[in-house]
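Observations on the three-dimensional arrangement
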Amino acid sequence: MNITADYHSHTTYSHGKGSIADNARVAHEKGLDFLAITDHAVRHPFIGVSRKKYDAMRQDMQDVQKNYSDLRLLLGVEANILGVDGDLDVTEEDVKRLDILIAGYHLTSLPYKVGDFFKITCSAIARYAFKPTKKQIERQTKMYVNAVKNNKIDIITHPGFRLDIDYRELGKVCADYGTYVELSSRHRTPDCKGLEQLLTTDCKFVLNSDAHKPENVGECAYALELAQKYSIPADRIANADGKTLVLRSKQ
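Residues numbered from 1 in each chain as written. Predicted model: local features only at pLDDT ≥ 70, side-chain atom pairs only at ≥ 80, totals over all residues. Heavy atoms only, no water.

**Regarding the nonpolar core**
Val-90 and Tyr-144 are the most contacted members of the largest nonpolar core, which has 62 residues in total. What Tyr-144 contacts, discounting residues up to four positions off in sequence, is Ile-81, Tyr-105, Ile-156, His-158, Pro-159, Gly-160, Phe-161, Leu-163, Ile-165 and Leu-170. Core analysis: the second largest hydrophobic core is formed by twelve residues, Ala-5, Ile-155, Tyr-180 and Ala-238 among them. (Core = buried A, V, L, I, M, F, W, Y, C linked by side-chain atoms within 4.5 Å. Buried < 20%, exposed > 50% of the residue type's maximum accessible area, 1.4 Å probe, protein only. Contact = heavy atoms within 4.5 Å.)

**A look at the pattern of salt bridges**
Under the definition given, this model contains ten salt bridges. Among the ionic pairs, Asp-99 bridges to Arg-58, the shortest N-O distance being 2.9 Å. Pair noted here: Asp-99 is in the loop between helix H3 (92-96) and strand S4 (100-104) and Arg-58 is in helix H2 (residues 54-65), with a separation of 41 residues, a long-range link. We classify Asp-99 as buried; its relative accessible area is 15%. Put simply, Glu-169 and Lys-172 hold a salt bridge, and the shortest N to O gap is 3.2 Å. Of this pair, Glu-169 and Lys-172 both sit in helix H6 (residues 167-177), three residues apart, which is roughly one turn of the helix. (Salt bridge = Lys/Arg side-chain N within 4 Å of Asp/Glu carboxyl O. Helix = DSSP H or I, 4+ residues; strand = E, 2+ residues; numbered from the N terminus.)

**Observations regarding the state of the cysteines**
Applying the stated criterion across every chain yields a total of zero disulfides. The cysteine Cys-192 is free of any disulfide, with Cys-203 supplying the nearest cysteine sulfur at 15 Å. Distance from the sulfur of Cys-220, which forms no disulfide, to the nearest cysteine sulfur (Cys-192) is 17 Å. Classification of Cys-220 by relative accessible area gives buried; the value is 3%. (Disulfide = S-S within 2.5 Å.)

**Focus on the packing of aromatic side chains**
In total, this model carries two aromatic pairs according to the counting rule given. Centre to centre, the rings of Phe-117 and Phe-118 are 5.4 Å apart; their planes meet at 85°, and the pair counts as edge-to-face. Phe-117 sits in the partly exposed class, given a relative accessible area of 35%. Of note, Arg-127 hangs over the ring of Tyr-128, and the distance from its end group to the ring centre comes to 5.7 Å. (Phe/Tyr/Trp six-rings, centres within 6.5 Å; stacked < 30°, edge-to-face > 60°. Lys NZ or Arg CZ within 6 Å of the ring centre and 35° of its normal.)

**Looking at helix H5 (residues 134-150)**
Over its 17 residues, H5 runs 24 Å from end to end, which matches the ideal 24 Å to within 8%, given 1.5 Å per residue. Looking at the buried residues of H5, the elements they touch are helix H4 (114-126), strand S5 (155-156) and H6. (Expected span 1.5 Å × (residues − 1).)

**Examining the packing of helix H1 (residues 20-29) against H2**
For any two helices packed against each other, one specifies the inter-axial angle together with the distance between the axes. One way to put it is that H1 packs onto H2 with a least axis distance of 10 Å and a crossing angle of 40°. Two packed elements cross with a definite hand, and for H1 against H2 that hand is right-handed. Contact residues: H1 offers Ile-20, Ala-21 and Ala-24, while H2 offers Met-57, Asp-60, Met-61 and Val-64. Of the residues that constitute the contact of H1 with H2, the class distribution is six nonpolar, no polar and one charged. (Axes fitted to C-alpha atoms, helices over the stretch in contact; angles between N-to-C directions. Left-handed = near helix turned anticlockwise from the far one by under 90°. Nonpolar A, V, L, I, M, F, W, Y, C, P; charged D, E, K, R; others polar.)

**Topic: the packing of H4 against H5**
It is the contact of H4 with H5, at a shortest axis distance of 11 Å, that shows an interaxial angle of 115°. As the angle between them shows, H4 and H5 are arranged roughly perpendicular. Where H4 crosses over H5, the handedness of that crossing is left-handed. Between H4 and H5, the contacting residues are Lys-119, Ile-120 and Ser-123 on the first element and Gln-136, Arg-139, Gln-140 and Met-143 on the second. In terms of residue class, the contact of H4 with H5 is built from two nonpolar, three polar and two charged. (Parallel < 35°, antiparallel > 145°, perpendicular 65-115°, else oblique.)

**As for the sheet that holds S4**
Adjacent strands of a sheet pair through backbone hydrogen bonds, lying either parallel or antiparallel. Pairing is parallel in the open sheet, where seven strands are placed in the order S1-S2-S3-S4-S5-S6-S7. Each edge of the open sheet is held by one strand with a lone partner, namely strand S1 (5-6) and strand S7 (205-208). Sheet topology note: the S1/strand S2 (residues 34-40) ladder contains two bridges and is parallel. Among the inter-strand pairings, Asp-6 is bridged to a residue of S2, identified as Leu-35. (Pairing = 2+ DSSP bridges.)

**So, the pairing of S2**
Of all seven residues making up S2, seven are buried, and the element is well covered by its neighbours. In this fold, the crossover linking S1 to S2 by way of H1 has right-handed handedness. Here S2 pairs with strand S3 (residues 72-80) via seven bridges, running parallel. Residue pairing for S3: Asp-39 is matched across the bridge by Val-77. Considered for its hand, the β-α-β crossover made up of S2, H2 and S3 is right-handed. (Right-handed = clockwise from strand over helix to strand, strands pointing away.)

Now the structure itself:
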C-alpha cells in the first residue's frame, strides 16, 4: 500500500516546527500528491490560528505551490470539537475560505459552555485515575456523533484521543454522512479494539501523520501497520495508491 497524500500537518502558524514551505518540501521529496496544512483552530489556547491569519496562510501556500507542479497543497484547519452538542470553533464562512475541514477533540481546547467543561474536559482528565462510566462514554460518543451530523467535517482526527468512546457509533455516523475516520500515527488512535469496532461499519479511513515536524510529513507507520494487521480493504482507505478524498465540506 502506497500512501500518496497526508491530510493532517501543522506548521509554525500554530505549534508546528516548520513552515508551509518546509512541509511542502518534505511532501515533495516523499512523492506525495496532496498535502493539507491543518493548523489548530482558534479555541486552542496560545496556539490556535486567528481567522485574521487565513488570508496570510493562503498567500503563503500559493507562493509555495508555485514551486511544485506535482504536489497539491490544501489549506485547512484542525477544528476543536467543543462539547456535547458537537460545536466546532469554525463558522460556515470560515469553511468557505478553506479547502478542507478536519476536526478532533483536544483536552486543552476551550468549550463555549461551562457545562461542557465539566461534562467533557473533567471526564477526560479523570480517565487517568478512574475507569469511565457508561454514561460518560455515551456522552463523549454523542459529542462526536453530533459534530459529524451538524458540521461538514471531512475527517475526524485521532478519534478517542484522551476520551473513551463507542467507536461503532462513530463509524456508523461517519459512514452515513461521508466523513472519513483518521488512523493517526502520531497519537496511535484508534487502538486495535477501536478499529475492530469501526470495521463493523461502512466508514472509510484516512491514514495521516499529524506531523508537527517537517520530517514527519507522510510518516504513517503506525496507521499502515494497523491497516495491514486488520487487512482493511484498499477501497476503504482514501489516501492510498493515488485515490483522492471526496470532500464533504465542499459539497
